[in-house]
Amino acid sequence: MRTITIAQSNETHDDRTVTLRNRARLGANQNLLFWYHELYRDQFKGFPDPAALCVLEVGSGTSPLKQFLSNVVTSDVLDLDYLDLVFDCHEIDKLGAIKDESLDIITLTNVLHHLKNPIAFLNRAAKKLKSGGKVIATEPFFSFLSTPIFKYLHHEPVNFLISQPELGKVRGPLVSANIALPWLIFFRRHEWLQRLNENFDIATLSTRPFSALSYMATGGISRKLPIPHFVYRSLFFVDLTISRRFPGFCAAFFTVTLTRR
């Protein structure tokens, strides 16, 4: 039987409170919702009929994905009454609620950098995917422009000097993070990426930039900037185009797609 300390219980309560607050803030921010809508459209653009697929989202606490794709199965480690499943994704291979080799897609947005061991999670998650099934994850990208923003203006930790692709101390699903971790795995440390090769076809791995300053221009979760929505929508597509033309200079996010062997 697992023992839960008072400190752990308090951290879980705090994380639930913050998640519910962030979810409400996101829902009230029209520009931020649009940013997510365009992100999801980009994530699923390679599928003719996403509504016909079996899709699991990991880390759905704040996510608005189900507003845009009603068939998605939502999940999180936090016990929230609007979720379909509550479990620790590090133990996804033991999850009886989802049959092995049953999923077309597992999707995560800004979740990998919160995981204790994202490579272990991905390898275990492969058990639930059909052959040819996909993991689609969006994470921060470190460019000339975004690096100082993430390092000095964003509240989550950035550590490029880690010796292993995992978090050190884990205190809770929201507090624990290294937002550089996925970027290091997929762009800088090939030997870490190779640890996925048994379950995923690394040769066909796809990465593509997604946006530069348009996320920041929404104010993000913590605030709402007074940019009229019609202006924001117009500038978003300019921002997206520039981020893909000059990713090393200004991209702030990337989407990686992994294919199950």
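Residues numbered from 1 in each chain as written. Predicted model: local features only at pLDDT ≥ 70, side-chain atom pairs only at ≥ 80, totals over all residues. Heavy atoms only, no water.

A. Structural view of the pattern of salt bridges. Here the structure, examined in full by the defined rule, presents 9 salt bridges. Lys66 is the salt-bridge partner of Asp84, the closest N and O atoms lying 2.7 Å from each other. Residue Asp84 is found in the loop between strand 2 (73–76) and strand 3 (85–86), and its partner Lys66 is found in helix 3 (residues 65–68); the two are separated by 18 residues along the sequence. Of the residues examined, Asp84 reaches a relative accessible area of 40% and is grouped as partly exposed. Accessibility expressed as a relative area gives 33% for Lys66, which makes it partly exposed. Residue Lys127 pairs with Asp100 through a salt bridge whose shortest N-O separation is 3.8 Å. On the criterion of sequence distance, the pair formed by Lys127 in the loop between helix 4 (118–125) and strand 5 (129–140) and Asp100 in the loop between strand 3 and strand 4 (103–109) is long-range, its members being 27 residues apart. (Salt bridge = Lys/Arg side-chain N within 4 Å of Asp/Glu carboxyl O. Helix = DSSP H or I, 4+ residues; strand = E, 2+ residues; numbered from the N terminus. Buried < 20%, exposed > 50% of the residue type's maximum accessible area, 1.4 Å probe, protein only.)

B. Geometry of the sheet that holds strand 1 (residues 55–58). In spatial order, the strands read 3-2-1-4-5-7-6; together these 7 strands make up an open sheet with mixed pairing. Of all strands in the sheet, those bounded by a partner on one side alone are strand 3 and strand 6 (206–209). In the packing of helix 2 (residues 30–43) onto the sheet, the strands contacted are strand 1, strand 4, strand 5, strand 6 and strand 7 (253–259), and the crossing angle to strand 4 comes to about 145 degrees. (Pairing = 2+ DSSP bridges. Contact = heavy atoms within 4.5 Å. Axes fitted to C-alpha atoms, helices over the stretch in contact; angles between N-to-C directions.)

C. Here's a closer look at the packing of helix 2 against helix 9 (residues 229–245). Between helix 2 and helix 9, the shortest axis-to-axis distance is 10 Å and the interhelical angle comes to 40 degrees. In this view, helix 2 runs oblique relative to helix 9, as classed from their interaxial angle. The hand of the helix 2/helix 9 crossing is right-handed. Touching Gln30, Asn31, Phe34, Trp35, Glu38, Arg41 and Asp42 of helix 2 are His229, Tyr232, Arg233, Phe236, Phe237 and Arg244, all from helix 9. Grouping the amino acids of the contact of helix 2 with helix 9 by side-chain chemistry returns 5 nonpolar, 3 polar and 5 charged. (Parallel < 35°, antiparallel > 145°, perpendicular 65-115°, else oblique. Left-handed = near helix turned anticlockwise from the far one by under 90°. Nonpolar A, V, L, I, M, F, W, Y, C, P; charged D, E, K, R; others polar.)

D. Quick look at the confidence of the model for the protein chain. Across the protein chain, the average pLDDT comes to 94, with 95% of residues at or above 70. Long-range and interchain partners of residues 1–9, a stretch whose pLDDT sits below 50, account for 2 contacts in this model, where long-range means more than four residues apart. (pLDDT = per-residue confidence, 0-100.)

E. Layout of the side chain of His114. As for its position among the elements, His114 is in the loop between strand 4 and helix 4. Here His114 falls in the buried class, since its relative accessible area comes to 16%. Once you skip the residues sitting within four places of it in the chain, His114 turns out to touch Glu156, Leu167, Pro173, Leu174, Ser176 and Ala177.

F. Representation of the nonpolar core within the structure. Ranked by size, the top nonpolar core spans 67 residues in total, and within it Ile106, Phe121, Phe186 and Leu258 carry the most contacts. Top element by residues in this core is helix 2. It accounts for 7 residues. Those residues in contact with Ile106 that lie beyond four places of it in its chain are Leu56, Val58, Ile92, Ala125, Leu129, Lys134, Val135 and Ile136. (Core = buried A, V, L, I, M, F, W, Y, C linked by side-chain atoms within 4.5 Å.)

G. Just the environment of Ser143, in detail. Its place among the elements puts Ser143 in the loop between strand 5 and helix 5 (146–153). Overall, Ser143 belongs to the buried group, its relative accessible area being 3%. Residues Ser143 and Ser75 lie 68 residues apart in sequence; the distance between their C-alpha atoms is 31 Å. Setting aside anything within four residues of it in sequence, one finds Ser143 in contact with Pro247, Gly248, Phe249, Cys250 and Ala251. Polar contacts involving the side chain of Ser143 include one to the main-chain carbonyl oxygen of Phe249, which spans 3.5 Å. Of the polar contacts made by the side chain of Ser143, one reaches the backbone oxygen of Ala251; its length is 2.7 Å. (Polar contact = N/O pair within 3.5 Å; in protein donor to acceptor, adjacent residues only side chain to side chain.)

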